[in-house]
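Examining the three-dimensional arrangement
Read off the chains here:
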Amino acid sequence: RQAFGGKGAEGGGQPEPSIVVFDEAHNIDDVCIESLSVRLNRQRLDQSSGNLTRLSNEIERVKKEDNARLQDEYRRLVQGLQAAGQIDANIAER
C-alpha cells in the first residue's frame, strides 16, 4: 500500500486535506506503462507507412494544384493591369 496527502476543494470553501490510498500500489508502474503503450507489429507498421505515403502524395498534389491556380490568377491580374494601362508590356512579360 502507498498513501500520499493531497488537497481538494469541497463546496468552494477552504480545501479539505485528503489522503488517497492505492491498494496494490506495487502494480501502479505496470498499469501506467500498459495504458500508455502501443503494440506494434509488422502489419501495423506497413499500414502506417502506406498511410504516410498516401498523405504525402495528397499534399504534393494539392501543392501543385494550388501553385497552378495561383499562377493562373497572377496572369489574369497582370493582363487586367495591362489592359487598364496600369503597366506596360515589358513589365507584364516578367
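Note that the structure is predicted; figures quoted are calculated from it, not measured. Each chain has its residues counted from 1, following the order in which its sequence is written. Note on the predicted model: pLDDT of at least 70 is required for a residue's local features to be given, and 80 or more for side-chain atom pairs to be given and counted; whole-chain, interface and lining totals, by contrast, use all residues. Just so you know, side-chain values use all the structure's heavy atoms and leave hydrogens and water out.

**Section: the pattern of salt bridges**
Stated formally: When a carboxyl oxygen of Asp or Glu is within 4 Å of a side-chain nitrogen of Lys or Arg, the pair counts as a salt bridge. What counts as a helix is a DSSP run of H or I of at least four residues, what counts as a strand is a run of E of at least two, and both are numbered from the N terminus. Remark: exposure states derive from per-residue accessible area (1.4 Å probe, protein chains only) relative to the maximum for the residue type, with buried under 20%, exposed over 50%, and partly exposed in between.
For the structure on display, the rule yields nine salt bridges. The partner of R69 in a salt bridge is E65, and the shortest N-O contact between them spans 3.8 Å. Linking R69 with E65, this pair stays in helix α2 (residues 42-83), spanning four residues, or about one helical turn. On the accessibility criterion, R69 (54% relative accessible area) is exposed. Accessibility expressed as a relative area gives 39% for E65, which makes it partly exposed. R76 is the partner of D72 in a salt bridge, and the nearest nitrogen-oxygen pair spans 2.4 Å. Of this pair, D72 and R76 both sit in helix α2, four residues apart, roughly one helical turn.

**A short note on the confidence of the model for the chain**
Do not read the predicted coordinates in detail wherever pLDDT is low. Basically, it comes down to this: Per-residue confidence from the predictor is reported as pLDDT, which spans 0 to 100.
Averaged over every residue, the pLDDT of the chain is 84; residues scoring 70 or more account for 85%. Of all secondary-structure elements in the chain, the lowest mean pLDDT belongs to strand β1 (residues 2-8), at 49, while α2 reaches the highest, 95.

**Notes on α2**
What sets the pattern is the α-helix's 3.6 residues per turn: residues three or four places apart point alike. Threshold: Given the number of residues in a helix, its expected span is that number minus one, multiplied by 1.5 Å. Polar contact criterion, stated in full: a pair of N or O atoms within 3.5 Å, where within protein one must be able to donate a hydrogen and the other to accept it, and residues adjacent in sequence count only if both atoms are side-chain atoms.
Helix length check: α2 (42 residues) gives 61 Å between terminal C-alpha atoms against 62 Å at 1.5 Å per residue, within 8%. If you check the start of α2, you find a side-chain oxygen 3.2 Å away from the backbone N of Q43, and it comes from N41. Two residues or fewer after α2 comes G85, characterised by a positive phi angle close to 75°.

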